[in-house]
There are 2 protein chains.
Amino acid sequence: MINNIYDWKGDGMKLGEGVEASIHCAAMLAGVEGDATLSGAAMAEAFGVSPSYLLKHLNTLTSAGVLESLPGPAGGYRLARPAERISLLDIVLAVEGAQPAFRCGEIRQRGPVKLPASAYMKPCGINVAMLKAEKAYRAALAVEKLSDIVAGFQNDADPRAVAASCAFVARHQRLQKSSSPRYK
Amino acid sequence: MINNIYDWKGDGMKLGEGVEASIHCAAMLAGVEGDATLSGAAMAEAFGVSPSYLLKHLNTLTSAGVLESLPGPAGGYRLARPAERISLLDIVLAVEGAQPAFRCGEIRQRGPVKLPASAYMKPCGINVAMLKAEKAYRAALAVEKLSDIVAGFQNDADPRAVAASCAFVARHQRLQKSSSPRYK
DNA sequence: CTATTGCGGATATAAAATATCCATGATAAA
DNA sequence: TTTATCATGGATATTTTATATCCGCAATAG
């Protein structure tokens, strides 16, 4: 028995949980002072997620050029560039991959009727329409900067939550002795 | 060694293959005459997909009110309303589910520091931003009507492919004896 | 009555996401 | 120099999801 439209199907197009953790980590890293870092373990504790798995995503973000990493006892992660120049799209693409959600399997030419390949030079219209929609999705993510997320948090969130977050960063951030190479 | 941005990660946010088959089926059903139907087996053959699995999606589309189904030897599927009033969003939501791709796990309050629930009344800004982007995605899918897909196919696709598709529909469609209830 | 079709449930298989572990190299501090 | 801490990368296990198949049932045209 179907009660409402949400019973039609369970889930479907889903974004991995790593995206949520990654964005939260990036937002938290936007709050460290100067060239300080936060360890992956600290951030995993802050959000109650699996440390070893979060490290994978942080590693991916580093390879993608969103984060910077430093080894050693004072090591950890920090933003690779100012929060104003990091968009949610940068993070989502890094963690989830750049491939579109809709992958055209060209099933239009998988039928029993065999037509020469020349009959399918024009792209599938369904694929075009789906990619167009995804382009709109990515455009919307591209305008959302990490700095906006942080500003919104500091302005709108409960003061207790803001204070707790700042305290956590202040307690766990690791200042660098010599000013290691950092953006700008 | 990373050669290009596509090596960052394999895949991520993915749309099931059922979506592609479902849209193709709906587009094909837009081509039947009057109140005729196409059997699920015929459409599975047309696109070279698993019949039993496709039936599941067609069934879901029927429950969602996108398609209509008739049992019996002359039975099968047909559109539940004109192609002008069926959008790609209708199909995607029916097949993939209406839940958003980004599900906020509220990991902001899963940390070691326990704040009262009252500190998290305001929605998570990250969740808001992600849902906003998905809203843009759905809006773009909502304006893409099935009739546009069909028209684009007939106008732009190779004449041989159009002819083959029409021939397939003409050969497999099942006309109804008495005009069964159908949208006007 | 018979053959065909959609429907629904149960179940199996394949693939992907999630999570853990360990060896390694780099680095700061003692 | 030694030690402890941290990121890195590979290998692997676990869990979840998507995909696929099968069977009994109800409906219906001939």
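In this text, all values refer to a predicted model and were calculated from it rather than measured experimentally.

The rules behind these values
- Residues numbered from 1 in each chain as written.
- Chains lettered and ligands numbered in written order.
- Predicted model: local features only at pLDDT ≥ 70, side-chain atom pairs only at ≥ 80, totals over all residues.
- Heavy atoms only, no water.
- Helix = DSSP H or I, 4+ residues; strand = E, 2+ residues; numbered from the N terminus.
- Buried < 20%, exposed > 50% of the residue type's maximum accessible area, 1.4 Å probe, protein only.
- Contact = heavy atoms within 4.5 Å.
- Areas by Shrake-Rupley, 256 points an atom, 1.4 Å probe, with all protein chains shown as cover.
- Lys, Arg positive; Asp, Glu negative; His and termini not counted.
- Charge placed at Lys NZ, Arg CZ, Asp CG, Glu CD.
- Near = heavy atom within 4 Å.
- Nonpolar A, V, L, I, M, F, W, Y, C, P; charged D, E, K, R; others polar.
- Buried area = accessible area lost by both parts, 1.4 Å probe.
- Salt bridge = Lys/Arg side-chain N within 4 Å of Asp/Glu carboxyl O.
- Polar contact = N/O pair within 3.5 Å; in protein donor to acceptor, adjacent residues only side chain to side chain.
- Core = buried A, V, L, I, M, F, W, Y, C linked by side-chain atoms within 4.5 Å.
- Axes fitted to C-alpha atoms, helices over the stretch in contact; angles between N-to-C directions.
- Parallel < 35°, antiparallel > 145°, perpendicular 65-115°, else oblique.
- Left-handed = near helix turned anticlockwise from the far one by under 90°.
- Pairing = 2+ DSSP bridges.
- Disulfide = S-S within 2.5 Å.

(A) Here's a closer look at the overall build of chain A. On a plain count of helices and strands, chain A comes out with 7 helices and 2 strands. The order of α-helices and β-strands along chain A, N terminus first, is α-α-α-β-β-α-α-α-α. Counting only residues that meet the buried cut, chain A has 47% of its 184 residues in that class. Within chain A, contacts between residues separated by at least 24 positions form 70% of all contacts whose residues are at least 6 apart in sequence. For chain A, the exposed area adds up to about 9000 Å²; of that, 57% sits on carbon and sulfur atoms. Each charge class in chain A was averaged separately, 21 positive and 17 negative side chains, and the resulting centres sit 9 Å apart.

(B) Molecular detail of the protein's contact with DNA strand C. Inspection of the region around DNA strand C gives 25 residues, with P73(A), G40(B), S69(B), Y77(B) and R174(B) positioned closest. Of all DNA strand C atoms lying within 4 Å of any protein atom, the proportion belonging to sugar or phosphate reaches 68%. Mapped by element, the contributors of at least two residues to the surface near DNA strand C are helix 3 (51-63) of chain A together with helix 3 (51-63), strand 1 (67-70) and strand 2 (76-79) of chain B. Partitioning the surface near DNA strand C into residue classes produces 7 nonpolar, 12 polar and 6 charged.

(C) Representation of the interface of chain A and chain B. If you look at the interface, chain A gives 70 residues, while chain B gives 70 residues. In total, chain A and chain B occlude about 6100 Å² of area from one another, counting both sides; carbon and sulfur atoms represent 67% of this. By the criterion of area lost to chain B, the three top residues of chain A are M13(A), E20(A) and I107(A), representing 12% of everything that side buries. Taken together, chain A and chain B are joined by 2 salt bridges. Between E144(A) and K132(B) there is a salt bridge whose closest N-O contact spans 3.5 Å. The interface formed by chain A and chain B contains 16 residue pairs in polar contact (both at pLDDT 80 or more). Where the side of chain A that touches chain B is concerned, the elements lending two or more residues are helix 1 (17-29), helix 2 (40-47), helix 3, helix 4 (88-96), helix 5 (125-142), helix 6 (146-156) and helix 7 (159-172) of chain A. Class assignment for the residues of the side of chain A that touches chain B results in 40 nonpolar, 13 polar and 17 charged.

(D) Summary view of the pattern of salt bridges. For the structure on display, the rule yields 12 salt bridges over all chains. Between R160(A) and D158(A) there is a salt bridge whose closest N-O contact spans 3.0 Å. D158(A) sits in the buried class, given a relative accessible area of 17%. Put simply, R108(B) and E106(B) hold a salt bridge, and the shortest N to O gap is 2.7 Å. What makes E106(B) partly exposed here is its relative accessible area of 25%.

(E) Just the protein's contact with DNA strand D, in detail. Of all residues adjacent to DNA strand D, which total 27 residues, the nearest are G40(A), S69(A), Y77(A), R174(A) and P73(B). Here Y77(A) contributes a side-chain N or O atom positioned 2.8 Å from a phosphate oxygen of DNA strand D. Between DNA strand D and Y53(B), the relevant distance is 3.2 Å, taken from a phosphate oxygen to a side-chain nitrogen or oxygen of the residue. The element that contributes the greatest number of residues to the surface near DNA strand D is helix 3 of chain A, accounting for 4 residues.

(F) Fine view of the nonpolar core. Core analysis: the biggest nonpolar cluster contains 104 residues, and M43(A), I91(A), M130(A), M43(B) and M130(B) have the highest contact counts within it. Apart from residues lying up to four places away in sequence, M130(B) is in contact with L15(A), V19(A), I23(A), L88(A), V92(A), Y137(A), L141(A) and F102(B).

(G) Molecular detail of helix 4 (residues 88-96) of chain B. The buried fraction of helix 4 of chain B amounts to 8 of the 9 residues, a majority that puts the element mostly inside the structure. Along helix 4 of chain B, the positions that sit buried rather than exposed are L88(B), L89(B), I91(B), V92(B), L93(B), A94(B), V95(B) and E96(B). Residues of helix 4 of chain B that are buried in the fold lie against helix 5 of chain A together with helix 1 (17-29), helix 3, helix 5 (125-142) and helix 6 (146-156) of chain B. Following helix 4 of chain B by one or two positions, G97(B) adopts a phi angle in the positive range, close to 95°.

(H) Structural context of the packing of helix 1 of chain A against helix 2 of chain A. Residue and element names in this part refer to chain A. Between helix 1 and helix 2, the least distance of the axes is 11 Å, while the angle of their chain directions is 115°. Between helix 1 and helix 2, the angle falls in the class roughly perpendicular. As helix 1 packs across helix 2, the resulting crossing turns out to be right-handed. Residues H24, C25, M28 and L29 of helix 1 touch helix 2, and the partners they reach there are M43, A46 and F47. Across the contact of helix 1 with helix 2, the residue classes break down as 6 nonpolar, 1 polar and no charged.

(I) Representation of the pairing of strand 1 (residues 67-70) of chain A in the model. Residue and element names in this part refer to chain A. By the bridge criterion, 4 bridges tie strand 1 to strand 2 (residues 76-79) in an arrangement that is antiparallel. Counterpart to S69 in the pairing with strand 2 is Y77. Following strand 1, the chain reverses through 5 residues before pairing antiparallel with strand 2; G72 in that reversal takes a positive phi of roughly 95°.

(J) Inspection of the state of the cysteines at higher detail. With the rule as written, the count across this model stands at 0 disulfides over all chains. The thiol sulfur of C25(A) is not disulfide-bonded, and the nearest other cysteine sulfur, from C124(B), lies at 13 Å. C25(A) gets classed as buried once you look at its relative accessible area, which sits at 1%. Cysteine C166(A) is unpaired, with the sulfur of C124(B) as its nearest cysteine sulfur at 15 Å.

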